[in-house]
Amino acid sequence: DTFYIGANTPATAIVDAVQQHNADVLALSATMTYHVGPLRSVITALRASAGGAGVRVIVGGRIFLLDPSLVEWVGADGSSADAGQAVGMAEQLVAGG
């Protein structure tokens, strides 16, 4: 199942939604450099939350294609170039790969 949370959603609302839906994976996207800091804040808040420590995070978007080192900097578990690749990665991460 997937749940679309929407753009410009506050970090606390994203963390709450992840916990409410008992999510295994959170996928986030950023296209511009100035979106990377807030995206990192979301991941940091998720990791610090009671139910978010085990949630896997996949990031995508043009900025991560241009600078793959940002994946580690934001604290994500991986990145994907498109939705199909993200689904495959999510399946691997949930299976423990």
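Scroll up to find the structure this text is about.
These notes cover the structure that comes with them. Everything numeric here is computed off the predicted structure, so don't read it as measured data.

Some words on unusual backbone geometry
Next up, step 1: Of note in this structure, Asn8 is not a glycine but carries a positive phi near 60 degrees.
Next up, step 2: Counting through the fold element by element, Asn8 comes out in the segment before α1 (11–20).
Next up, step 3: Although it is not a glycine, Asn22 adopts a positive phi angle of roughly 50 degrees.
Next up, step 4: Residue placement: Asn22 occurs in the loop between α1 and β1 (25–29).
Next up, step 5: Overall, Asn22 belongs to the exposed group, its relative accessible area being 64%.

Focus: the pairing of strand β2 (residues 56–60)
In summary, the side chains of a regular strand alternate between the two faces of the sheet.
Next up, step 1: A large share of β2 lies buried, amounting to 4 of its 5 residues.
Next up, step 2: Two strands pair when backbone bridges link them, and β1 and β2 are joined in this way by 5 bridges, in the parallel orientation. Bridging from a neighbouring strand, Leu28 pairs with Val59 of β2.
Next up, step 3: Note that the unit made of β1, helix α2 (residues 36–48) and β2 has a crossover that is right-handed.
Next up, step 4: Where β2 meets strand β3 (residues 78–80), 3 bridges bridge the pair, whose relative direction is parallel. Looking across to β3, one finds that Gly60 is bridged to Ser80.

Quick notes on the sheet that holds β2
Next up, step 1: Read across the sheet, 3 strands follow the order β1-β2-β3 without closing on themselves; strand pairing throughout is parallel. The strands lining the two open edges of the sheet, one partner per strand, are β1 and β3. Averaged over neighbouring strand pairs, the angle between their axes works out to 30 degrees when direction is ignored.
Next up, step 2: Sitting on the sheet, α2 touches β1 and β2, and the angle it makes with β1 is about 165 degrees.

Concerning helix α5 (residues 83–94)
Next up, step 1: Compared with the 16 Å implied by 1.5 Å per residue over 12 residues, the 16 Å span of α5 between its first and last C-alpha is a close match.
Next up, step 2: Looking at the buried positions of α5, the neighbouring elements they touch are β1, β2 and β3.
Next up, step 3: Where α5 begins, the capping side chain belongs to Asp82, and its oxygen is found 3.1 Å from the backbone nitrogen of Gly84.
Next up, step 4: Positive phi shows up at Gly96, right after α5, with a value of about 95 degrees.

Thresholds applied
Residues numbered from 1 in each chain as written. Predicted model: local features only at pLDDT ≥ 70, side-chain atom pairs only at ≥ 80, totals over all residues. Heavy atoms only, no water. Helix = DSSP H or I, 4+ residues; strand = E, 2+ residues; numbered from the N terminus. Buried < 20%, exposed > 50% of the residue type's maximum accessible area, 1.4 Å probe, protein only. Pairing = 2+ DSSP bridges. Right-handed = clockwise from strand over helix to strand, strands pointing away. Axes fitted to C-alpha atoms, helices over the stretch in contact; angles between N-to-C directions. Contact = heavy atoms within 4.5 Å. Expected span 1.5 Å × (residues − 1). Polar contact = N/O pair within 3.5 Å; in protein donor to acceptor, adjacent residues only side chain to side chain.

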